[in-house]
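# Report on the structure
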Amino acid sequence: MIRHLSPRLQTLFVLIGVALLFGIASPHFLATDNLLNVMQQSAINAILGIGLTFVIISGGIDLSVGSILALCGLVVADQLVAGHSGAVAIGAGLLVGGVCGLANGLITTLGRIPPFITTLGMMLIARSAAKIYSGSKPISGLPESFRALSGSVAGVPVLVLIVAVLYVLAHLVLTRTKLGRYSYAIGGNEQAAWLSGVRVGRYKVAIYTLSGLMAGVAAVLMTSRLNAASPLSGEMYELYAIAAAVIGGVSLMGGEGGVLGTLVGALIMGTLRNGLNALNVPSALEGMVVGGVLVAAVVFDRARHRAAEAEKLRGWTRYRKLVLAGIGAAVVMAAAFGIRATFNAPTQAKTFTIAFVPKALNSPFWAEMQQAAEREAAAQGVRLVSLAADRETDVERQYQIIENLIQQKVDAILLAPAGSKELVPAIRKANDAGIPVLILDTRIDQGAAESMGARVLTFIGSDNFEGGAVAGRYLADKLGGKGNVAIIEGISGHETADRRRLGFLNGIEAHPGIRVVASQTADWERARAYTVAENLLQAHPDLDAIFAANDEMALGALEAVAAARRLGHVGVVGFDAIPDALANIGSGRLLGSVAQFPGEMGRLGLRHAVALLRDGTTPPREILTRVEMIDRLNVGSFAKRGMKAPPSRGNP
Amino acid sequence: MTGMEPILRMRGICKRFPGVQALQDAGLDVLPGEVHVLLGENGAGKSTLMKILCGQYTADSGVVTFAGEAIRPASPLEAESRGLVMIHQELNLVPGLSVAENVFLGHEPTHGGLIRSDAMRQGAQNLLAKLRCDVDPDTPVADLSVAEQQLVEIACALRQRARLLVMDEPTAALSDSEIEALFDVIHSLCGDGVPVIFISHRMKDIFAIGDRVTVMRDGRTVGTRDVKHTEVAELIQLMVGRTIAEQIPKREVRIGEVVLQVEGLVRAGVLSPVSLSVRSGEILGVAGLMGSGRTELARAIFGADVADGGTVRVTGRTMSGRNPGASIAAGLGFITEDRKRQGLMLQRSVGENITLTSLDDVARFGVLDLRAERERAEGLVERLKIHLASLDQETVSLSGGNQQKVVLARWLAARCRVLLFDEPTRGIDVAAKAEIYELIGELVGQGVAVVLITSEMPELLGLADRVAVMHEGALQGVLDRAEATQERVMQLALGESRS
Ligand SMILES: Nc1ncnc2c1ncn2[C@@H]1O[C@H](COP(=O)(O)OP(=O)(O)OP(=O)(O)O)[C@@H](O)[C@H]1O
Ligand SMILES: [Mg+2]
C-alpha cells in the first residue's frame, strides 16, 4: 500500500510546497477564497485529465479533447439558446463528446491507426466542425438557471464538488473494475493482454469514448462558467491535460500511474498559474515555470524508477542533485519575485493598484498599449499590474486572470476582452466585488452584458468602422474608382473584424466601379493569410488590390503577392500600422495601413480609471480613438511622432 | 587445472532487494580458460551474482577481484571496458532494428561519420555463421523466433572482445544442433584463455561443456565440484537439499472424449493443412525442429493468427469468431514461449499478472472483488511455489524461472478444457520442472486435454501419450507412446515420411 502511494505522495508534497511558497510570498494566496479559486481554475484541466489518464495508461494518446470541448460547448449553448431544458442541453453535449471519442476509438482499433494520428485528425475535424456549427461566432445569452452549475453550495463551488465526485468515481473504476485493470494490462503489454483474452479493441474503444465524454463534461462546466461558448476555446488544453497527467506520474509509455496523481498534477499547474499571477510575475514567464516543473517531474520519476530497478546509487544521487538544483532555482526565483512584489507593495494607503489585462502580450500592438499605460501610471503615481494569456483566443485563461485580480483586490481593471460575450460573467464578478471595469479595444456584447447585469464604465477604442471606411476610400481613390478588390477578414464573429469589413464596404460604396471579388477569413494570422492570398491570386488573375483587416495578414498577403511576381500590380492595404508594416510602406512594397493608436487607449484608460478612483469622475460611455491612413507620403512623419500619442476625441 | 591462479575471485557478496536477501555471502573462483557452470534453483541468485560482476547491480558488500585488480563496476559500460561481457537471460534486443543493427548497436563501424552498413552486415553474417545460423542480417529482430533472437544476442556478445564471458541460460531456447555450434564457439574461446561462466538448468549441458560447477542455494554458494568427478544426483542434492527422481512420472489417467478437434487448419506459406485431435486426459506432444511450425500451429489453433482455412472444434462446438478472447471463452488456453513479449506485463504487479485471464471469476458487473482476487493469486503462488516478496512486487523483479511460473499460474487460474503449452519448462530448474510435470499430470487427471510443444526429448517422451511431429509447416506423422523413440521422432522431424 505504502509502495503504491509513495510516488503520488511525492507529487502531493510538491503541491503543498509550492502552495506554501506562494503563501509566504503573497498575502492573498492562502486565503480560503483563493484556494477554492485555484481548485475551480484547475477543474477543466482536471476533468480532461481523467480521460487522458485512462488513455495514456492504456498506452495511447488523445490530442482531440481540446477541440471536442469547443464543439460540445457550442452544442450545449446552442440547445439552451434554442429553448431546450438544461438536461437536454447537457445530454446533447455529453452525447457529442462521447460520439467523438467513440469515433477516435473505432478508427484507432478497426483501422489499426496509431492514436496519435487518429486524434490529431479528430482535433482538426472537431475544431473545424465547431467553427462551421457556430458560424465562427461565440454563442451566448444562456438562461440564468444554467449558471447554477458554476455557483456554490454551502460556500463550496459546484465545480469543485463535481471534480471531487468524478475523481472518486474514476479512481474506483481504475482500481476496482475490469475496465481499469485492463487499461493497465493493455498499456503494460498489449500483445500479452490480447493473448490472455482481453478484448483489447473493445476496451480501447471504451477508453477513448470515456475521454471524449470527459471533454463533454468539461465543456458543459466551462460553458456554464463563461455563460457562453466559443469555437476557439480549449486550444492547447489537450497538452495541458497531458502535462497534468505526466506531472502526476502517469508514464507516457503506458501501464503506469493513476488518476489521483493527475488530480495533484492539475492542481500543481493551477497553483503555479494562480500564484504567479498573485506575484505579478510577467505572464510570459509562466510557460517557463510550468514547463520546468513538467520536465523536472519526469526527470524525478525516471530517477526514482532507476533507483528502484537497478539501485544504481551513483546515478540516483546525480539525478537527485539535478532535481534539487532545479527546485532550488525555482524557489530562489519565486522568492526573488516575492521580494520584488513586497518592495513594490503600496507603502501608503493612498496608492491605487490598477490592473491592465490585454488579450495577450505577444504583439507590438499590445506592447505599445501596455507601455503607454505604464508611463501614465508612473506619472499619476499609481501601481500598474499587467497580466495576459499566452494566446488571444484563450478566453478561459483571461477569465481566470480576472478572478485572480479580484482576489488581489485591485482597485480597477482595464480589460481588452478576448471574447465579447465570454468575459461577461467575469465582469459581473468584478462588479460584485466593487471593482470598476473599463473596456479597451474590443467591445463587450451589449445583449450579453445586459442579460447578466454586468456593467462596464466605458469603452475606449479605435473607431474600427471608420478605419475600414478610410481604407476603402483610400483604395478606391488609388484605383481611380475602378477595379477588383479582395478582402481578407479577421476571425469572423469578432466584433473588430466585422466592423472593419463593414467599414471597408461602406468606404467603397460611393464607387460602383470597385468590385469585391472575394472575401475570406485568415483568422488574423500571417501564415494563413499567405495561403489565402495565394489562392486568391490564382483564382483572380485580374485582381487589383487586397484589403487585409490587420497588418499581420496584410504582410502575409504581401509576401504571397511578391512570390507570384505581381508586386506593383496588386496593391495591399493593412490595418494597425505595426512597425513591420511601416517598414514595408517605407520601402514601397505595402500600399498603406490604417493606424490605430493603442498607446492612446492605454493612456486614456489609465487616466480615466485614476480620475474615477480619486475624484469619482465617471468617464463618457464611449471614447473613440483616432484612425489615420498611413502611406508612403506620411509614413516618415508618423514614425517620427513615434510613441507620442496624438490627441483624440473624448479627451477628459 | 589445479594449481592455476584464478583470474576472477568473488568473495562475501551480499545483495538485498526490498523484501528479499538475494545474495548472502556468495563467492566464486574462475580459472583462466575454463567453463565454469553456475547451477541453482530458480531464484537462487545466479543472475544477480552475475549482474553484480557485470556492473548492472552494485553489491551491498563483498569483494570482486579480476586479473589481480579489485573492481567495482558501476555500470555495464564500465564492466565492458574491462572485458566483462554478459549475455542476459532476458533478451535485450531492439525489435524494430535489423539483426545487423542489433549486433552492432552502439558500436557501428563508421566511415567519416556515416554508418557503413555493408561492413555491419558482413560482420554480423560472419558472427552468425560461427553459430551456424543463417538468418539474413537485414531481417528485423521482431520477425525472429526466440531461438534466433538468442543467437543474435550471443553474436552481440561475441562481437565485443571479451576477457570473460557470462552466458545466462543461453541454451534454454536452442535446439540441439544450435547448442552444438554454441559449444564449439565456447571451446574456441576457452582455447584462447577466455573463461566462460555458464548458467543452465539443463544437466546435459553441464556435463557436455563444463569444467567445474558451482552450486547456489538461497543466495549462497554451497559448493564447487569438478564436473569429471561428480554426477547429477550429487549436484541435485547440493541444489535442493534432497534427491529428486530423474524419471519423469507418467500418470495413468483415463482417456475420455475428444475435446479438441482440428481439421485442415491451414495458413498460406506457414502451415500446410493440419488435422489432429486430442482427448480429455490426453497429452499430445508436439515435436519438430526450430522453425518447423509448432508455435505457428498452436497460434492458429488458439486464433492468435488468422487461418486461411480449416476448422477448430472444442468439445464438439466449432469455433467461429477466431480470436484469443473467443478461444478462452470456449475453454482453450495458450501458454506462449516468449514470456517477455507475449506473456507478462513486466511493470505491473505479480498479482495482476496472475489474475489477468480470470478476472471474470472475481468480478460482478465489471466490478472486482479485490479480496477474492488476492486469495486466488495467493493460492496459485503457493501451489506453484513461486518465490516472491509480495504479490504487489513488479513482475520484472522476479527471477527468470519464477516469471515463467507466473505465466503458468495465470493459465491454471483460467481453468481451461484444453491447454496448449509452448516450451513450458524453459528456464525452469530441475526441482520446479518436476513440479510442473506433476502439475501437468494433475491437470490431465482432472480431464484437461494438453498439447505440449517441447524441444526436450526426455520431457516429450516421458509425458506424451502420442507425439505429433512437425516438419516445414506440415504434420509429418503422429506416433503412439509405444512407437515414439528418439530415433523415430528425429527421423520424422528431419522430413522422412512415415514408413
Ligand atoms: N530487481 C530486483 N528487485 C527485487 N528482487 C529481485 C530483483 N532481481 C532479483 N530479485 C530477487 O532476487 C532473487 C534472486 O534472483 P535471480 O534472478 O538472481 O535468480 P536466478 O538464480 O537467476 O533464478 P532463475 O534460474 O529463475 O533465473 C529472487 O528471489 C528474485 O526475486
Ligand atoms: Mg536467472
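## Comments concerning the domain arrangement of chain A
Residues and elements named next belong to chain A. By the assigned domains, chain A splits into domain 1 (2-309), domain 2 (353-462 + 599-625) and domain 3 (464-598). Of note, the centres of domain 1 and domain 2, computed from C-alpha atoms alone, are 30 Å apart. If you look at the interface, domain 1 gives 30 residues, while domain 2 gives 25 residues. Where domain 1 abuts domain 2, roughly 2700 Å² becomes buried across the two surfaces, and 42% of that area is made up of carbon and sulfur atoms. When the buried surface of domain 1 facing domain 2 is broken down by residue, Arg-225, Leu-226 and Asn-277 rank first, second and third, together holding 21% of it. Viewed at the interface, domain 2 and domain 1 are joined by 3 salt bridges.

## Here we look at the coordination of the magnesium ion (ligand 2)
The magnesium ion (ligand 2) binds to the protein through Ser-47 of chain B (OG) and Gln-89 of chain B (OE1), with metal-donor distances spanning 2.0 to 2.2 Å. Highlighted residues: Ser-47 of chain B in helix H1 (residues 46-53) and Gln-89 of chain B in the loop between strand S6 (84-87) and helix H3 (99-103), separated in sequence by 42 residues.

## Structural notes on the interface of chain A and chain B
Many structure descriptions define interface size as the accessible area lost when the parts assemble. Chain A puts 28 residues into the contact, and the matching count from chain B is 43 residues. Taken over both partners, the interface formed by chain A and chain B buries close to 2900 Å², and the fraction arising from carbon and sulfur atoms is 53%. At the boundary of chain A with chain B, the tally comes to 2 salt bridges. Ionic pairing is found between Arg-181 of chain A and Glu-373 of chain B, a salt bridge with its closest N-O pair at 2.4 Å. Across the chain A-chain B interface, the total number found is 11 residue pairs in polar contact (both at pLDDT 80 or more). Among the secondary structure elements, those contributing two or more residues to the side of chain A that touches chain B are helix H1 (2-25), helix H6 (158-176), helix H7 (178-188), helix H8 (190-195) and helix H12 (286-310) of chain A. Split into classes, the residues belonging to the side of chain A that touches chain B amount to 9 nonpolar, 9 polar and 10 charged.

## Quick word on the pattern of salt bridges
Pairing of side chains with opposite charge becomes possible as their charged atoms draw close. All names here are of chain B. Counted under the stated rule, the structure contains 46 salt bridges over all chains. Residues Glu-69 and Arg-82 are paired through a salt bridge, measuring 3.4 Å at the closest nitrogen-oxygen approach. Placement of the pair is Glu-69 in strand S5 (residues 69-71) and Arg-82 in the loop between helix H2 (76-81) and S6, with a sequence separation of 13 residues. By relative accessible area, Glu-69 is classed as partly exposed at 43%. Here Asp-305 ties to Arg-267 by a salt bridge, and the two come within 3.0 Å at their closest N and O atoms. Of the two residues, Asp-305 sits in the loop between helix H9 (294-302) and strand S16 (309-314) while Arg-267 sits in strand S13 (residues 258-267), which places them 38 residues apart along the sequence. Its relative accessible area of 16% is what places Asp-305 among the buried residues.

## Here we look at the site of ligand 1
The environment of ligand 1 is formed by 22 residues, the closest being Gly-43, Ser-47, Thr-48, Ser-399 and Gly-401 of chain B. Proximal residues around ligand 1 fall on chains A and B, making this an inter-chain site. Here an oxygen atom of ligand 1 sits 2.8 Å away from a polar atom, N or O, in the side chain of Ser-399 of chain B. Within the backbone of Gly-401 of chain B, a nitrogen or oxygen atom sits 2.7 Å from an oxygen atom of ligand 1. In isolation ligand 1 exposes 640 Å². Once the protein is present, 93% of that is buried. Broken down by secondary-structure element, the contributors of at least two residues to the shell around ligand 1 are strand S2 (20-30), H1 and helix H14 (400-413) of chain B. When residues of the shell around ligand 1 are assigned to their parent elements, the largest contribution, 3 residues, is made by H1 of chain B. Classifying every residue of the shell around ligand 1 gives 6 nonpolar, 12 polar and 4 charged.

What counts, and at which threshold
Residues numbered from 1 in each chain as written. Chains lettered and ligands numbered in written order. Predicted model: local features only at pLDDT ≥ 70, side-chain atom pairs only at ≥ 80, totals over all residues. Heavy atoms only, no water. Domains from an automatic or database assignment. Contact = heavy atoms within 4.5 Å. Buried area = accessible area lost by both parts, 1.4 Å probe. Salt bridge = Lys/Arg side-chain N within 4 Å of Asp/Glu carboxyl O. Donors = N, O, S within 2.8 Å, 3.2 Å for Na, K, Ca; no water. Helix = DSSP H or I, 4+ residues; strand = E, 2+ residues; numbered from the N terminus. Polar contact = N/O pair within 3.5 Å; in protein donor to acceptor, adjacent residues only side chain to side chain. Nonpolar A, V, L, I, M, F, W, Y, C, P; charged D, E, K, R; others polar. Buried < 20%, exposed > 50% of the residue type's maximum accessible area, 1.4 Å probe, protein only. Near = heavy atom within 4 Å. Areas by Shrake-Rupley, 256 points an atom, 1.4 Å probe, with all protein chains shown as cover.

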